Amino acid sequence: MFEYSIEARRTDARGSVATTKNAALVLDTCLEGRADAFNPAELLLAAVGACMIKGIERVTPMLGFKLRGVRVALHAVRRDSPPGIASIDYELVVDTDETDQRLELLHKNVRKYGTISNTVAVATKLEGTIRRKA
C-alpha cells in the first residue's frame, strides 16, 4: 500500500501553505478569496486533473499510444445544503494522431485506474469526454 502525507498551515488571515517533500503550494483560505492561490474546490479539481494526466503518462507506454500533449478542463458544481460538490465534468483533449478507438481505450484506462478520480467518483458524479485536439 502507498501512503501520502502533506502538512497545511495557516500563514495569516489571507492564506495558508501546504507542503510535501520539497514542494510548497499557497492555498486560498481567505474568506474573501484571492486570485493568486487555489481555493479548496479548485485544489480538488486540480487533483483530479493531475490524476488523469499522470494516468495517461502511466498507460501510454503500455498501450504504445503516441501523443504530443494533453489538456484537462474541469468544472464543478457546488450545492449549498448540505455543502458539497454535486458534480464534476471534464474534457480531456489529447494532441494525437491515434484512431478514435485508441483514444477511447486511453479514456477507459484513465477512468479505470485513476486513484484520485476513482475516489472522487464514489462521492460525486464524475463525467467527462475525451477528444482529439483540433
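You'll find the structure just up there.
This one's a predicted model, so the numbers in the text were calculated from it and none came from an experiment.

Rules used in this analysis
Residues numbered from 1 in each chain as written. Predicted model: local features only at pLDDT ≥ 70, side-chain atom pairs only at ≥ 80, totals over all residues. Heavy atoms only, no water. Helix = DSSP H or I, 4+ residues; strand = E, 2+ residues; numbered from the N terminus. Buried < 20%, exposed > 50% of the residue type's maximum accessible area, 1.4 Å probe, protein only. Contact = heavy atoms within 4.5 Å. Lys, Arg positive; Asp, Glu negative; His and termini not counted. Charge placed at Lys NZ, Arg CZ, Asp CG, Glu CD. Axes fitted to C-alpha atoms, helices over the stretch in contact; angles between N-to-C directions. Parallel < 35°, antiparallel > 145°, perpendicular 65-115°, else oblique. Nonpolar A, V, L, I, M, F, W, Y, C, P; charged D, E, K, R; others polar. Expected span 1.5 Å × (residues − 1). Arc of directions from axis to C-beta. Pairing = 2+ DSSP bridges.

**Q** I'm lost on the overall build of the chain in this one. Help?
**A** Across its full length, the chain carries 3 helices and 6 strands. In the chain, the succession of α and β elements from N to C terminus is β-β-β-α-β-β-α-α-β. Summarising its shape, the C-alpha atoms of the chain cover approximately 50 × 35 × 35 Å along the three principal directions. Per-residue burial over the chain gives 31% buried out of 134 residues. Counting contacts in the chain only where the partners sit at least 6 residues apart, residues at least 24 apart contribute 48% of the total. Looking at the chain, you have 20 positive and 17 negative side-chain charges, and the mean spots of the two groups are 4 Å apart.

**Q** Would you take a moment to explain the packing of helix 2 (residues 100-113) against helix 3 (residues 115-123) for this structure?
**A** Two packed helices can be described by the angle between their axes and the distance between those axes. Following both chains from N to C, one finds helix 2 and helix 3 inclined at 70°, their axes separated by 6 Å at the closest point. With respect to helix 3, the element helix 2 is oriented roughly perpendicular. Across the interface between the two elements, Val110, Arg111, Lys112 and Tyr113 from helix 2 touch Thr115, Ser117, Asn118 and Ala121 from helix 3. Residues that form the contact of helix 2 with helix 3 fall into these classes: 3 nonpolar, 3 polar and 2 charged.

**Q** Explain helix 2 here, please?
**A** An α-helical segment advances 3.6 residues per turn. Residues three or four places apart therefore align on the same side. In a regular helix each residue adds 1.5 Å, so 14 residues correspond to 20 Å; helix 2 covers 20 Å between its end C-alpha atoms and thus fits that length. Three or more residues of helix 2 are buried, namely Leu103, Leu106, His107, Asn109 and Val110. Buried residues of helix 2, viewed axially, fall in a sector of 165°; they line one side. In this structure, helix 2 carries Gln101, Lys108 and Lys112 as exposed residues pointing more than 90 degrees from its buried face.

**Q** What's the story with the sheet that holds strand 3 (residues 23-27) in this structure? I'm lost.
**A** Strand pairing in a sheet relies on backbone hydrogen bonds. The paired strands run either parallel or antiparallel. On the basis of which strands lie adjacent, the open sheet formed by 3 strands has the order 1-2-3 and antiparallel pairing. The sheet is open, and its two borders are formed by strand 1 (7-12) and strand 3, each paired with just one other strand. Each strand axis lies, on average, 25° off the axis of its neighbour in the sheet, ignoring direction. With 5 bridges connecting them, strand 2 (residues 15-20) and strand 3 associate as antiparallel partners. Note on strand 3: the bridge partner recorded for Thr20 is Ala23.

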